[in-house]
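Observations on the model geometry
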Amino acid sequence: MTLRTDHAAFERGFSLLEVLIVMAILGLATSLVVTRQFGRPVKLDVHSAASQLGQSLRSARMRAIVSNRPAQFNLDVVGHGFAVDAGRVRRLPVGVQLAMTADAALTRGDTIGSIRFYPDGSSSGGRITITRGAARALVQVEWLTGRVVVSER
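Below or above, wherever it landed, is the structure these notes cover. (Residues numbered from 1 in each chain as written. Predicted model: local features only at pLDDT ≥ 70, side-chain atom pairs only at ≥ 80, totals over all residues. Heavy atoms only, no water.)

In this section: the nonpolar core. Counting residues in each nonpolar core, the largest one holds 26 residues, and the members touching the most others are Leu53, Leu57, Phe73, Leu75, Ile128 and Ile130. At the level of secondary structure, the elements contributing two or more residues to this core comprise helix 2 (16-67), strand 1 (71-76), strand 2 (81-84), strand 4 (97-102), strand 5 (112-117), strand 6 (126-132) and strand 7 (135-141). Considering each element in turn, this core owes the most residues, 7 residues, to helix 2. With residues near it in sequence (within four places) discarded, isoleucine 128 still touches Leu53, Leu57, Phe73, Leu75, Ala99, Met100, Ala137, Leu138 and Val139. (Core = buried A, V, L, I, M, F, W, Y, C linked by side-chain atoms within 4.5 Å. Buried < 20%, exposed > 50% of the residue type's maximum accessible area, 1.4 Å probe, protein only. Helix = DSSP H or I, 4+ residues; strand = E, 2+ residues; numbered from the N terminus. Contact = heavy atoms within 4.5 Å.)

This is the structure in structure tokens:
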């Protein structure tokens, strides 16, 4: 008994399954490259800015509670800078637009707004809106509890 192998079957080309698998891999790779280059930086800038602001506001609240004296978060909406009390000024991405709603007694002109946190954890309250193109995030500080909520839309 001799075993014959038909080499002609192997020389015909690729099977339909192999072609579909390669096409699926190429499609996935293309979609990852396109979304990473075009859609991601805008959302990433907004997400990064919202995270930085939220963390700094939480830090200001904790500083007020621990030190048992008020702490103040200051935001320059034109210069894209923020600081807690007289601390180091940190910068946000230049491409984002900022808008802030805060207590009128704590604002300076149309460019600098502040949110004050008190030793009991409460705050003066406020809201910061971060936008760039269609990407938008909202950072809210509840006045009664001082709770900081970051949401992206």
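Another point: the pattern of salt bridges. Under the definition given, this model contains 3 salt bridges. Two residues, arginine 132 and aspartate 45, come together in a salt bridge whose shortest N-O distance is 2.1 Å. Of this pair, arginine 132 sits in strand 6 while aspartate 45 sits in helix 2, placing them 87 residues apart in sequence. Across the salt bridge formed by glutamate 142 and arginine 147, the nearest N and O atoms sit 3.5 Å from each other. (Salt bridge = Lys/Arg side-chain N within 4 Å of Asp/Glu carboxyl O.)

Attention shifts here to the sheet that holds strand 7. Spatially, 4 strands are ordered 4-6-7-8 in an open sheet, and the strand pairing comes out antiparallel. Each of the sheet's edge strands pairs with one partner strand only, and the pair in question is strand 4 and strand 8 (148-152). Within the sheet, the average angular offset between the axes of one strand and its neighbour, ignoring direction, is 10°. (Pairing = 2+ DSSP bridges. Axes fitted to C-alpha atoms, helices over the stretch in contact; angles between N-to-C directions.)

Taken as a whole and assessed by the stated rule, the structure comprises 1 aromatic pair. Look at phenylalanine 73 and phenylalanine 82: their rings are 6.0 Å apart centre to centre, the planes differ by 35°, and that puts the pair in the tilted class. Both residues of the pair, phenylalanine 73 and phenylalanine 82, belong to the buried class. (Phe/Tyr/Trp six-rings, centres within 6.5 Å; stacked < 30°, edge-to-face > 60°.)

Limitation: the analysis is restricted to geometry and does not speak to function.
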